[in-house]
Amino acid sequence: MGNDMYSVEQVAELLGLHVRTVRGYIRAGRLRAVRIGKQYRIARADLDALTGRSASPAPAAEVSSIVQLDGVDRAAADRLATLVLAGVNTHHNPDRPLRVQTVHDEERHRMKIVILGDVAATADLLRLVDAVLGGDNGLLAGEGADRG
């Protein structure tokens, strides 16, 4: 059936249940329904929720990455954190947010960038970090940073 809304009778037939059982589910709150006049209507999403089927696509893969940089002073860590967060906010996809946290350990001159999110977005951010840090012209050039 291609309907977006089902009657109690249709739901009972689809699930192989008695009509009274479906009405009992509605009264108990197990099955969400809208009352129109004297009849209930059940949305496809509510029927899917009852049966455990999801109307939304399967969740995408999520990755976590930790980039550790040694030999980073506070000023360089602040610059890098600003750049990374700007990169995340510039290419923002509200459906698949990328979460980033930066931590700087002044005592050890070490910075960590923690990235959680979509595989492609994480890869893009890691390429940005690599480009910024890379070579003699990188953000940390001359500061003795070792990527770990």
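All of these numbers come straight from a predicted model, not from anything done at the bench.

Trainee: Can you tell me about the nonpolar core, naming the residues and giving the values?
Mentor: Among the nonpolar cores identified, the biggest contains 18 residues, and Leu 69, Leu 80, Val 84, Val 100, Met 111, Ile 113 and Leu 125 are the most heavily contacted of them. The element contributing the most residues to this core is helix 4 (residues 74-90), with six residues. By size, the runner-up hydrophobic cluster in this structure holds 11 residues, among which are Val 8, Ala 12, Leu 31 and Ile 42.

Trainee: Before we move on, could you go through helix 4 and cite the residues and values that matter?
Mentor: Relative to the 24 Å expected for 17 residues at 1.5 Å per residue, helix 4 spans 24 Å between its end C-alpha atoms, a close match to the ideal helical length. Of the positions making up helix 4, those classed as buried are Ala 76, Ala 77, Leu 80, Ala 81, Val 84, Gly 87 and Val 88. Across the axial projection of helix 4, the buried residues extend over an arc of 130°, all falling on one side. For helix 4, exposure combined with an orientation more than 90 degrees from the buried face picks out Thr 82, Asn 89 and Thr 90.

Trainee: Can you explain the pattern of salt bridges? Please cite residues and give values.
Mentor: Where charged atoms from two side chains of opposite charge approach closely, those side chains can pair. With the rule as written, the count across this model stands at seven salt bridges. Here Glu 106 ties to Arg 74 by a salt bridge, and the two come within 3.4 Å at their closest N and O atoms. Of the two residues, Glu 106 is situated in the loop between strand 5 (99-105) and strand 6 (110-118) and Arg 74 in helix 4; the sequence distance between them amounts to 32 residues. Given the relative accessible area of 48%, Glu 106 is considered partly exposed. For Arg 74, a relative accessible area of 36% corresponds to the partly exposed category.

Trainee: Report on the confidence of the model for the protein, specifying residues and quantitative values.
Mentor: Across the protein, pLDDT averages 83, with 80% of residues at or above 70. Model confidence for the protein, summarised as mean pLDDT per element, is weakest for strand 7 (residues 146-147) at 47 and strongest for helix 1 (residues 8-15) at 94.

Trainee: Go over the environment of Gln 39 with me, naming the residues and quoting the values.
Mentor: Structurally, Gln 39 can be placed in strand 3 (residues 39-43). In this structure Gln 39 comes out as partly exposed when scored by relative accessible area, which is 48%.

Trainee: Any details on the packing of helix 1 against helix 2 (residues 19-28)? Residues and values, ideally.
Mentor: Following both chains from N to C, one finds helix 1 and helix 2 inclined at 110°, their axes separated by 8 Å at the closest point. Comparing their axes, helix 2 and helix 1 come out roughly perpendicular. Seen from above, helix 1 lies across helix 2 with right-handed handedness. Contacts from Val 8, Glu 9, Val 11 and Ala 12 of helix 1 reach helix 2 at Val 19, Val 22, Arg 23 and Ile 26. Per-class residue counts for the contact of helix 1 with helix 2 are six nonpolar, no polar and two charged.

Definitions and cut-offs
Residues numbered from 1 in each chain as written. Predicted model: local features only at pLDDT ≥ 70, side-chain atom pairs only at ≥ 80, totals over all residues. Heavy atoms only, no water. Core = buried A, V, L, I, M, F, W, Y, C linked by side-chain atoms within 4.5 Å. Buried < 20%, exposed > 50% of the residue type's maximum accessible area, 1.4 Å probe, protein only. Helix = DSSP H or I, 4+ residues; strand = E, 2+ residues; numbered from the N terminus. Expected span 1.5 Å × (residues − 1). Arc of directions from axis to C-beta. Salt bridge = Lys/Arg side-chain N within 4 Å of Asp/Glu carboxyl O. pLDDT = per-residue confidence, 0-100. Axes fitted to C-alpha atoms, helices over the stretch in contact; angles between N-to-C directions. Parallel < 35°, antiparallel > 145°, perpendicular 65-115°, else oblique. Left-handed = near helix turned anticlockwise from the far one by under 90°. Contact = heavy atoms within 4.5 Å. Nonpolar A, V, L, I, M, F, W, Y, C, P; charged D, E, K, R; others polar.

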